Each structure stands twice: as C-alpha cells, then as structure tokens.
Amino acid sequence: MSSSLDLPAVTVLGLGPMGRSLATAFLTAGLRTTVWNRTPGKDRELVERGATGAGSAEEAVAASALTVVCVVNYDAADAVLRSEPVTRALKGRTVVNLTADTPERARDTADWAAAHGIRYLDGAIMTPAPSIGTPEAVFLHSGPQALYEEHLPVLETLGGTHTRLGEEIGRAATFDIALLDIFWTAMAGYAHAVAIARAEGVTAGELAPFAQGIGAILPPLFAEFAQDADEGTYSGSINPLTSALSTMAHVIDVSESHGIDAGAMRATEAMARRAVDLGHGTDGFIRVAEVLSRP
C-alpha cells in the first residue's frame, strides 16, 4: 500500500475563489497539497481538509516540484515569485501560472523564469471557480510540450479539458483575452437589451428565451465568419454591412428615446460605418476585424 509520501506533491499560491477551488480539486484527487496566500487565514478550511498551510511563499514552493499560481494579475504574481527567497527556492522546479493577464506579461514571466533556472508553463482558466474538479472545467496551456506532458497527470486532476495551444508561451493568454472579449461584449449587449426591453414594458424573464435563441445563432456564424476572415472573402451574402447599419440605427434610436446610453451600439455602428466608408458595404460584418487592424 502506498503512503501519502508516494503521492504527487503540488503547491498552490493564491487562495481566492479560484485558488481555493484548484487546491480543493488537488486534495480531492489525493495529492499532497501545500497552500499559501498573502492574507493569512484563507487556508483554514483547506488545512482542515488535509492541505499543508505554509508559513511563507518560500516554504510553499520548496514543498513541491510543481507550483500552480492563480492570483488576481501578474503584478500580484510577480510580487510573490520574483522576491529573492522565492526565486531561489523555485530553481529547478516548475511553475504553472494560471493567472489571467496579457500575452506580453506571459512572455516576460517566461523570460524571467528561464533566466533563473525555473521551468515555466503559462495557462488560462476559461470557466468559473465552481467548474473546477468537474467535467465542465476548461483549461488552456502554452509552453514546452515535454514539460506540459510531464505535469499533465497532475493538472488533469483539476477536471475538465486541458488543451495545449503550442510552444509560444503567450498563446494561452492570447486565447484568453480574445475569448473574454467575446464574453464581456456579449454580456454588455445583453445588459443593454434588458434595459431597452424594460423601458418598453418587457421583463427580462420574458426576453430571456428569445435572447437564448439569438445566442444559439452565433456558434455557426462564428465558424462561417472565421473561414471568411482567414480566407479574406468577407462574404456579405447573409447580411451586408449596409443592412447591418440600418438595424444598428434602430437600436440606437429606441435606446436614446428612453434616455438609455447607446454608447456600446454607437461604437459598433462606428466600426461598421468605417468599413462601409472604405468601400466594403457589400461585405459581411467580419470585415470589421480587418478594418480594425489597419493603422
């Protein structure tokens, strides 16, 4: 029979809602888990479940060959990882950074890690904390394949799907930023739609089933428009930009008639109008992606 010392060891730095969920999943899988958080006391429940609470970040990273970091941003991560005692303790060990930030920050951290003999993988979590440890969790990773494969058995105890996006260390953050762009602009659109509906006497509950129907239209459009964007065809056969501008104007008119800020739709209209003014009125909306990239 194997003892607890035979189980893989992992350290989790950062015990916000996501960090606690990560640590809980590791514990549930039977891994020897060491935890640390800058604010004392957040490890109490995890320690009661069997985790080892470290007295310092240096002590925490020294306890395991693999350290998983999940804090608010890379400023917070750097404040911990780049302190001299922690950097020294990490030499020869692996850091998997699941903190959300920009691709450039991921590249900078990878350069720092390489300069100090620290093995490094970057990553992103694309689902909320309650999904961790379930099949619904989605993790993206980027970095050296051999290093990823070495630690994948431990990472897979977090549940869900794990996808390595390539060697270039900034790719996970790039996907994260792009997908968050879709999410938050969609949520802003939904909030704005609810405001318009309520102003016209329609409840959010009444609108919701039809909003879900609109949402269901999007996945096949994403696939079709991706092909248009990659091939440079920008087909407007479904809905040319000139027609799209007309419907955007309706949203703006109704919004502003009720005193509702239409700034988000005005920004969208401005992007589409720029494309039309450049001679792309018969193209589809995805032409805007190409226009936005122009100086």
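Below or above, wherever it landed, is the structure these notes cover. (Residues numbered from 1 in each chain as written. Predicted model: local features only at pLDDT ≥ 70, side-chain atom pairs only at ≥ 80, totals over all residues. Heavy atoms only, no water.)

Side note on the overall build of the protein chain
Short version of the rule: Numbering of helices and strands runs from the N terminus; a helix is a DSSP stretch of H or I covering at least four residues, while a strand is a stretch of E covering at least two. The rule is simple: take the accessible area with a 1.4 Å probe, protein chains only, and divide by the maximum for that residue type; under 20% is buried, over 50% is exposed, in between is partly exposed. Here a residue-residue contact requires only that any non-hydrogen atoms of the pair lie within 4.5 Å. Using a 1.4 Å probe, the Shrake-Rupley method yields the accessible areas, and only the shown protein chains count as cover for residues.
Looking only at helices and strands, the protein chain features 12 helices and 8 strands. Judged by the C-alpha coordinates and their principal axes, the protein chain covers about 70 × 40 × 35 Å. Out of the 295 residues in the protein chain, the part that is buried amounts to 38%. Put simply, 61% of the contacts in the protein chain that link residues at least 6 apart link residues at least 24 apart. With an accessible surface of roughly 15,300 Å², the protein chain has 59% of that area assigned to carbon and sulfur atoms.

A few points about the environment of Gly-201
By the secondary structure assignment, Gly-201 is in the loop between helix 8 (171-199) and helix 9 (204-231). C-alpha of Gly-201 to C-alpha of Ile-217: the two residues are 16 residues apart in sequence and 25 Å apart in space.

Regarding empty space enclosed by the protein
Convention followed: The method works on a 1 Å grid over the protein atoms by themselves. A cavity is a set of points holding a 1.4 Å probe that cannot get out, a pocket is an open set with protein on both sides within 12 Å along at least five of seven lines, and residues with an atom within 4 Å of a point line them. Grid points are joined across faces, edges and corners, and a volume is the space filled by probe spheres set on the points.
If you walk through the whole model with that rule in mind, you get 1 cavity of 30 Å³ or more. Volume-wise, the largest cavity comes out at about 30 Å³. Around the largest cavity, the lining residues are Tyr-74, Thr-99, Ala-100, Asp-101, Thr-102, Ala-106, Asp-122, Gly-123, Ala-124, Ala-173 and Asp-176. Every element with two or more residues in the lining of the largest cavity is listed here: strand 6 (119-125) and helix 8.

Thoughts on the layout of surface pockets
If you add up the space inside the largest pocket, you get close to 2,400 Å³. Surrounding the largest pocket, 47 residues form its lining, Thr-185, Leu-218, Phe-222, Thr-268 and Phe-285 being those nearest its centre. Listing elements by their share of the lining of the largest pocket, those giving two or more residues are helix 8, helix 9, helix 10 (241-257), helix 11 (263-280) and helix 12 (287-292). Top element by residues in the lining of the largest pocket is helix 8. It accounts for 15 residues. By volume, the second largest pocket amounts to about 790 Å³.

A few points about unusual backbone geometry
Positive phi, close to 50 degrees, is recorded for Tyr-234, a residue that is not glycine. Residue Tyr-234 is classed as buried on the basis of its relative accessible area of 10%.

Side note on the sheet that holds strand 5 (residues 94-97)
Inclusion rule: We call two strands paired when DSSP finds no fewer than two bridges between them.
Strand order in the open sheet made by the 8 strands is 3-2-1-4-5-6-7-8, with mixed pairing throughout. Each edge of the open sheet carries a strand with a single partner, namely strand 3 (52-53) and strand 8 (161-164). As defined by bridge partners, strand 6 adjoins strand 7 (residues 138-142) across 4 bridges and the pair is classed as antiparallel. When the bridges of strand 7 are listed, Gly-123 appears paired with His-141.

So, the pairing of strand 6
Note the following rule: A crossover counts as right-handed when, viewed with the strands pointing away from the observer, the path leading from the first strand over the helix to the second turns clockwise.
Across the 7 residues that make up strand 6, a large majority, 6, are buried. As paired elements, strand 5 and strand 6 share 4 bridges and run parallel to each other. If you follow Thr-94 over to strand 6, its bridge partner there is Arg-119. The parallel pair strand 5 and strand 6, bridged by helix 6 (residues 103-115), forms a crossover whose chirality is right-handed.

Quick look at helix 9
Note that an α-helix has 3.6 residues per turn; residues three or four places apart therefore point the same way. Where we set the bar: One fewer than the residue count of a helix, multiplied by 1.5 Å, yields its expected span. Values of bend correspond, residue by residue, to the angle between axes fitted over the seven residues ending at that residue and the seven starting there.
Taking 1.5 Å of rise per residue, 28 residues should cover 40 Å, and helix 9 covers 39 Å from first to last C-alpha, within 8% of that figure. A bend of about 30 degrees at Pro-220 is the largest found in helix 9. Trailing helix 9 by a residue or two, Gly-232 shows a phi angle of about 75 degrees, which is positive.

Considerations on the pattern of salt bridges
One side chain can pair with another of opposite charge once the charged atoms of both are near each other. In plain terms, the rule: We define a salt bridge as a contact between a side-chain nitrogen of Lys or Arg and a carboxyl oxygen of Asp or Glu at a distance within 4 Å.
Enumeration according to the criterion identifies 16 salt bridges in this entry. Linking Glu-269 and Arg-266 is a salt bridge whose minimum nitrogen-to-oxygen distance equals 4.0 Å. With Glu-269 and Arg-266 both in helix 11 and 3 residues apart, this pair spans about one turn of that helix. Between Glu-269 and Arg-273 there is a salt bridge; the shortest N-O distance is 3.7 Å. Taken together, the residues Glu-269 and Arg-273, both in helix 11 and 4 residues apart, mark about one turn of the helix. Exposure remark for Glu-269: the relative accessible area of 13% places this residue in the buried category. The exposure class of Arg-273 is partly exposed, given its relative accessible area of 39%. Linked by salt bridges that have partners in common, Asp-75, Asp-78, Arg-82, Arg-105 and Asp-108 make up one network.

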